[in-house]
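# Structural description and commentary
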Amino acid sequence: MAQKGVQLDRETFSCSICLDLLKDPVTIPCGHSYCKKCIQARWDAEEEKQTYSCPQCRQTFTQRPVLVKNTMLAALVEELKKTGLQAAPADLCYAGPEDVACDVCTGRKLRAVKSCLVCLVSYCENHLQTHRDVAPLKKHKLVEPDKNLQENICSRHDKVMKMFCRTDRQNICYLCSVDEHKGHDTVSAAAERTERQRELEGSRGNQEVEAIGRSADKAVEDSEEIFTQMIRLMEKRRSEVKQQVRSQQEAEVSRVKELQEELEQEIAELKRRDAELEKLSHTEDHNQFLHNYPSLPPLSQPAHSSSINIRPQRYFEYVTAAVSQLREKLQEVLRTNISVTVADVDVSPLYPELATRDDFLKYSYGITLDPNTVNEQLLLSEDNRSAMFMIEEQSYSPHPDRFSFWPQVLSTQSLTGRCYWELERRGGGVYVAVAYKNMRRAWGSRESGFGLNDKSWTINCYNSSYDVWHNSVQTRVSGPRSSTLGVYLDHSAGVLSFYSVSETMTLLHRVQTTFTQPLYAGLGFLCYETTDLS
């Protein structure tokens, strides 16, 4: 009973935000008390809304209340510390539905940190201490927490199955080896594991070699096809240039011939006129000269003399110069090194460009939301494929992966390779993200929001606009408004694309980077609404 009373005191003097004993306690107008830093961080996040709420009773204040230290609570907490009372184990240490619980704990069980293959019991950090201090127990085999320890017990003899029957290909205990498996080919489970491990590694090695070979063959085949297309394009262009030059040659020769004929006619006319003038100039009769002179037509400029322009032979040298420039550009492109990087035994081939929604749906990936990460202001559907923002906080089991500050959630599945998924939103704004699993989750940390750190990328979708965030850097993007948003990820190529989905796929933003870890799909809310994943 005394222990129960102490536990009650711990909860009474604990901050409901950080779940620890109050530090520098302050009381807000509604009467609830918090650590000063905790409530300041909470209200800092609400600054843009210009309303401030109590995390417990949800009462809102239009003006930010002035925080005053609660001296009585501070004195009580200090007194409790002096008597040896420490903060209760954080809720994050208690076992949730997905965790392995300590088999020794009574009442509310703590999370197991190790399972013993000898004792066939899972232990929390406190109850594991004997295995670390007692010499005989130090020899026991400890593994990561395992929910299936009882599968190691022989159902017939209730003994640990430490042997393997190669004849019947099943795990057995030592009594089975002298009973129904007598005379069979039996070895220790450890020896069989070593043998199978060696075979597995050899098989994986062969698979990796085959995978590299297939990827290399595909890369060579694709490269040959691309270069063949380039050669065909060059041949076609060569033929077109040749045809253009010959056509221009014919046009220029024809024009020159026409001018030549016209010039010959004008020369003949000039010669005739010159003969008449010569004859007239030799007339001795002055009256005859004066009589015939007015009948001579006046000298005029030849009709085509001003338009005669014979292009020099250098005319076609300009074509040669243009082709030479093209050759230099092509040589510059071909001098570019084509590097092939083998990572995780996956040589990525050259993928065709995706255009239609059907092209993207070939890589459709079913996304479910992880209840262990969902913020308490979000309500998940029964199938964990949709979420809704709620005014009232939901009751979820404590878990270290839960987002405690921002209204957001991660997917259960990790994403590698090529993946595509869509989100159908109904209501206001949401933000859609991908993130590494090791991003921060803690209360009061601004960096725990998607896009506010270097471990996540997100696009915020408002009613009439979009913006992209990564590492707290904002990028404004434009595009048509749609209730459906598509996300395409090519992990090995380092490509992340966001699309507005309607009758067509409209690219909103594309990220080109290098992803160093598996990614998880993320979903968050800017205001009240429901979002479905597909």
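Our subject in this report is the structure included herewith. None of these values were measured; they are calculated from a predicted model.

Parameters and conventions
Here, residues in each chain are numbered from 1, in the same order as that chain's written sequence. Selection of residues for local features in this predicted model requires a pLDDT of at least 70, selection of side-chain atom pairs for listing and counting requires 80 or more, and totals for whole chains, interfaces and linings are taken over all residues. Excluding hydrogens and water, the side-chain figures rest on all heavy atoms present in the structure. Strands are runs of DSSP state E lasting at least 2 residues, helices are runs of H or I lasting at least 4, and numbering of each runs from the N terminus. Under the scheme applied here, a residue whose accessible area is under 20% of the maximum for its type counts as buried, over 50% as exposed, and between as partly exposed, the area being computed with a 1.4 Å probe on protein chains only. Here, strands pair whenever DSSP counts at least two bridges between them. In what follows, a contact means two residues having at least one pair of non-hydrogen atoms within 4.5 Å. Angular values range over 0 to 180 degrees, each being the angle between N-to-C directions of two axes fitted as lines to C-alpha atoms, with helices fitted over their stretch in contact. Here the term patch refers to residues with relative accessible area over 30% and no salt bridge, with like charges joined within 9 Å and nonpolar side chains (Val, Leu, Ile, Met, Phe, Trp, Tyr) within 5 Å. Methods summary: accessible areas were calculated by the Shrake-Rupley approach with a probe of 1.4 Å, and residue burial reflects only the protein chains presented. Salt bridge, as applied in this entry: a Lys or Arg side-chain nitrogen positioned within 4 Å of an Asp or Glu carboxyl oxygen. When the centres of two rings from Phe, Tyr and Trp lie within 6.5 Å, Trp using its six-membered ring, the rings pair. Their planes under 30 degrees apart give stacked, over 60 give edge-to-face, and anything left gives tilted. Throughout this description, the term charge over a ring refers to an Arg CZ or Lys NZ atom that lies within 6 Å of the ring centre and within 35 degrees of the ring normal.

Of note in the backbone geometry, N384 takes a positive phi value of approximately 60 degrees without being a glycine. Within the secondary structure, N384 sits in the loop between β12 (378-380) and β13 (386-389). Within the chain, N471 stands out as a residue other than glycine whose phi angle is a positive 55 degrees. Within the secondary structure, N471 is located in the loop between β18 (466-470) and β19 (473-477). Since its relative accessible area comes to 42%, N471 is described here as partly exposed.

A few words on the sheet that holds strand β1 (residues 25-27). Strand order in this open sheet of three strands is β2-β1-β5, and the pairing throughout is antiparallel. Since the sheet does not close on itself, it has two edges, and those belong to β2 (33-35) and β5 (68-69), each with one partner. The pairing of β1 with β2 spans three bridges and is antiparallel. Bridge pairing in β2 places P25 opposite C35. Set on the sheet, helix α2 (residues 36-45) makes contact with β1 and β2; between it and β2 the angle comes to about 95 degrees.

Our focus in this paragraph is a nonpolar patch on the surface. Side chains of I226, F227 and M230 sit close together on the surface and give an oily, nonpolar patch of about 240 Å² of accessible area. Assessed through its relative accessible area of 40%, F227 is described here as partly exposed.

Extensive coverage of strand β17 (residues 456-461) is indicated by the burial of six of its six residues. Both faces of β17 are covered, namely the face carrying S456, T458 and N460 and the face carrying W457, I459 and C461. Relative to β17, strand β16 (residues 430-436) is paired through six bridges, and the arrangement is antiparallel. Across the sheet, residue V434 finds its bridge partner in β17, namely W457. Between the antiparallel neighbours β17 and β18 lie four residues.

The next point concerns α2. For α2, every residue scored as buried is listed here: C38, I39, A41, R42 and W43. Check the buried side of α2 and you find it contacts β1, β2, β3 (52-53) and β4 (60-61).

Time to look at the packing of aromatic side chains. Centre-to-centre distance and the angle between the planes together describe a pair of aromatic rings. A complete count under the given rule lists 11 aromatic pairs for this structure. Between Y431 and F450, the aromatic rings sit 6.1 Å apart at their centres with planes inclined by 75 degrees, giving edge-to-face as the arrangement. Linking Y431 in strand β16 with F450 in the loop between β16 and β17, this pair joins segments that are 19 residues apart in sequence. Judged by its relative accessible area of 7%, Y431 falls in the buried class. What makes F450 buried here is its relative accessible area of 4%. Members of the aromatic cluster, each reached through a chain of ring pairs, are F360, Y420, Y488 and Y499. When the ring centre of Y363 is taken as reference, the NZ or CZ atom of R418 above it lies at 4.4 Å. Its guanidinium or amino end placed over the ring of F403, R441 lies 4.8 Å from that ring's centre, counting from NZ or CZ.

Interpretation note: all reported values are geometric properties and have no functional meaning in isolation.
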